[in-house]
Amino acid sequence: MAGGGFAAAGGGSARDYGGGITFSVVVTSLMAASCGLIFGYDSGVTGGVTQMESFLSKFFPEVLRGMKSARRDAYCKYDNQWLTAFSSSLFIAGTLSSLVASRVARAVGRQAIMLLGGAMFLTGSIINAAAVNIAMLIIGRMLLGFGLGFTLQSAPVYLSETAPARWRGAFTSAYNAFVVIGILSATITNYFTNRIPGWGWRVSLGLAAVPGTIIVAGSLFIPDTPSSLVLRGHHDRARAALQRIRGAGADVDDELKDIVRAVDEARQNEAGAFRRLFSRRYRHCLAVGLGIPVFYEFTGMIVISIFSPVLFRTVGFNSQKAILGSVINSMTNLASTLLSTSVMDRTGRRPLFIVGGVGMMLCEVAISWIMADHLGKHQGVTMPRSYATGVLVLICLCTFSFGLSWAPLRWVVPSEIYPVEVRSAGQALSISVALCLSFVELQVFIALLCAMKYGVFLFYAGWLLTMTIFVAAFLPETKGMPIEAMRSVWERHWYWKRFVNDGDHHDGRVVADEGTD
């Protein structure tokens, strides 16, 4: 296949380097994508554990008493700041560690960062399983967060730098597929451990050691990315790694030359990567790279994912059926994620963003309408079973739209749009902002549910409308473009082209002509 339709890293036409999907690139990418297991497992296990009576009686007996009170507002059963701190503390730790990880990655590589992240997550899971007080729970959660921040910063970028350009969307979205597999594994685990009186929650939290062990073991057997190896001066190892993942028939020398050119430019601009992210030259990357994770948090799906058992308890399901509802929701998420992975590089990023955003918005408006009409009315603390089932169906439809669009694309697009000289810094900033917002959102969601009641879903629906308009107007289509040739995508965009064309002369330096070999 000719590559004449692409613009190269240097500004000419991009080469199609040849080669296909090799066994090596599949194995390497699956190992890196499996870092999503720890994010998914933690997200899935937390919501289930926080409504288990054995867990609440051990650490939060006042919440358990409130649940059983006939006078308790149906929306306020779980309104306890220490309980939400158990869920959200992981994300504030992840915010800090992702910023540190970007600097460490430049020195030791992305593979080493994934190894460190898996080790910290493994340690945190052991502490949580052995917890005897809230302090131990929070310490364990913080270690889980440090591990999460390291892997979130490195794994999506690892995938985007390793995958062939034509299938980069599918390979990078594999990270989200593993997130969903982790969530499904956790909800199934909770379904069975909830039946164990007294200590079932310890099994749920302790089994987080399994994905942690998988990450540690897997990281020992994968090479670093060619871009990261070149950045650290290991050109021979970079060429060997590139040949292994691209296959014997690939034009490795040409691709390596483009990587070296991009890295050489990165070295010339190495100092102050975080500062330069805010210059005019990178304004388009920063706006989209931060806009997507910020809007992602306001889809409302992070709280639905983590607190779905709590939501199902709120509308009237018992504990076991609430967890079963979460299992069904997780299976829906997995099906839509696999569908998205198979069509993403054909339909493109923008159509999936728009279709998924509209679908989620309509579902959340419908959920709000049902809860407004049938929950907490006539002194009832639950809604009629048929309407509670309707809420479950709508949440599954909302999750399907999410898994088709924002869930995988949230990892794909920010990891592929930054130039190599600011890629680690840009990814770290995107991740840290997202995790910080997750911390705030999880900390206040139960209080918001208590205060706004059904209106909380209208709040998220309003954001979904805003973000769908943003994507339609400001997100360029990036499918199939080599990661070193992404500049040409911005140059063709109706709005961002002014920053790409003028930015090189507005940040205090004139960039050399990149179009020559």
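None of the values given here were measured: they were computed from a predicted structure.

Each value, and the rule that gives it
Residues numbered from 1 in each chain as written. Predicted model: local features only at pLDDT ≥ 70, side-chain atom pairs only at ≥ 80, totals over all residues. Heavy atoms only, no water. Helix = DSSP H or I, 4+ residues; strand = E, 2+ residues; numbered from the N terminus. Buried < 20%, exposed > 50% of the residue type's maximum accessible area, 1.4 Å probe, protein only. Contact = heavy atoms within 4.5 Å. Areas by Shrake-Rupley, 256 points an atom, 1.4 Å probe, with all protein chains shown as cover. Core = buried A, V, L, I, M, F, W, Y, C linked by side-chain atoms within 4.5 Å. Salt bridge = Lys/Arg side-chain N within 4 Å of Asp/Glu carboxyl O. Axes fitted to C-alpha atoms, helices over the stretch in contact; angles between N-to-C directions. Parallel < 35°, antiparallel > 145°, perpendicular 65-115°, else oblique. Left-handed = near helix turned anticlockwise from the far one by under 90°. Phe/Tyr/Trp six-rings, centres within 6.5 Å; stacked < 30°, edge-to-face > 60°. Lys NZ or Arg CZ within 6 Å of the ring centre and 35° of its normal. Polar contact = N/O pair within 3.5 Å; in protein donor to acceptor, adjacent residues only side chain to side chain. pLDDT = per-residue confidence, 0-100. Arc of directions from axis to C-beta. Expected span 1.5 Å × (residues − 1). Bend = angle between axes of the 7 residues up to and from the residue.

This part takes up the overall build of the protein. Scanning the protein for helices and strands turns up 24 helices and 0 strands. A burial count over the protein gives 62% of its 517 residues as buried. Taking contacts inside the protein between residues at least 6 apart in sequence as the whole, the part at least 24 apart equals 80%. Per element, the accessible surface of the protein, about 18500 Å² overall, is 66% carbon and sulfur.

Val-288, Phe-353, Trp-406 and Trp-490 are the most contacted members of the largest nonpolar core, which totals 65 residues. Top element by residues in this core is helix H19 (residues 385-404). It accounts for 9 residues. Val-288 has contacts with Pro-293, Val-413, Ile-417, Phe-474, Leu-475, Trp-490 and Trp-496, leaving out every residue within four places of it along the chain.

Throughout the structure, instances matching the rule amount to 9 salt bridges. Across the salt bridge formed by Glu-255 and Arg-246, the nearest N and O atoms sit 3.0 Å from each other. Glu-255 gets classed as buried once you look at its relative accessible area, which sits at 6%. Here Arg-261 makes a salt bridge to Asp-258, at a shortest N to O gap of 2.6 Å. Separated by 3 residues within a single helix, Arg-261 and Asp-258 lie in helix H13 (residues 252-268), roughly one turn from each other. The pair formed by Arg-261 and Asp-258 is uniform in burial state, with each residue classed as buried. One salt-bridge network, in which partners are shared between bridges, spans Asp-345, Arg-349 and Glu-416.

Turning next to the packing of helix H15 (residues 283-297) against helix H22 (residues 455-474). Axis separation between H15 and H22 bottoms out at 11 Å; the angle between their running directions is 155°. Accordingly, the angle class assigned to the pair H15 and H22 is roughly antiparallel. Every pair of crossing elements has a handedness; the one defined by H15 and H22 is left-handed. Between H15, through Ala-287, Val-288 and Phe-295, and H22, the contact on the second element is made entirely by Trp-463, Thr-466, Met-467, Phe-470 and Phe-474.

Taken N-terminus to C-terminus, the directions of H19 and helix H20 (residues 406-417) make an angle of 25°; their axes are 4 Å apart at the nearest point. Compared by their axis directions, H19 and H20 come out roughly parallel. On the side of H19, the interface is formed by Phe-402, Gly-403 and Leu-404, while H20 contributes Trp-406, Ala-407 and Pro-408.

The final tally for this structure, using the stated rule, is 24 aromatic pairs. Site record: aromatic cluster; members linked through ring pairs are Phe-295, Phe-298, Phe-459, Tyr-460, Trp-463, Phe-470, Phe-474, Trp-490, Trp-494, Tyr-495, Trp-496 and Phe-499. Looking at Arg-410, its charged tip hangs above the ring of Tyr-296, at a distance of 5.7 Å from the centre. Over the ring of Trp-411 we find Arg-410; its NZ or CZ atom is 4.4 Å from the centre of that ring.

Now for the side chain of Thr-299. By the element assignment, Thr-299 lies in the loop between H15 and helix H16 (301-315). Among the polar contacts listed, one links the side chain of Thr-299 to the backbone oxygen of Tyr-296, at a separation of 2.8 Å. Here Met-301 takes part through its backbone nitrogen, which lies 3.2 Å from a polar atom of the side chain of Thr-299. Setting aside residues no more than four positions away along its own chain, Thr-299 makes contact with Met-360, Glu-364, Phe-402, Trp-406, Tyr-460, Leu-464 and Met-467.

So, on to the confidence of the model for the protein. Any region with low pLDDT has predicted coordinates that should not be read closely. For the protein, mean pLDDT is 80; residues scoring 70 or higher make up 85% of the total. Note on residues 505-517: pLDDT under 50 across the span, and 23 contacts to partners over four residues away in sequence or across chains.

Among all positions of helix H1 (residues 23-33), only Ser-24, Val-25, Thr-28, Ser-29, Ala-32 and Ala-33 are buried. Seen end-on, H1 carries its buried residues on one side only, within an arc spanning 155°.

This next bit is on the environment of Phe-457. Take Phe-457: it is sitting in helix H22. Judged by relative accessible area, which is 2%, Phe-457 ranks as buried. The spatial distance from the C-alpha of Phe-457 to the C-alpha of Thr-299 is 9.5 Å, given a sequence separation of 158 residues. What Phe-457 contacts, discounting residues up to four positions off in sequence, is Ile-304, Leu-311, Glu-364, Ile-367, Ser-368 and Met-371.

Attention now goes to helix H17 (residues 319-347). When the terminal C-alpha atoms of H17 are compared, their 40 Å separation across 29 residues agrees well with the 42 Å that a helix rising 1.5 Å per residue should span. Along H17, the helix axis deviates most sharply at Thr-341, where the bend reaches about 35°. The positive-phi residue at the C-terminal boundary of H17 is Gly-348, with phi of around 95°.

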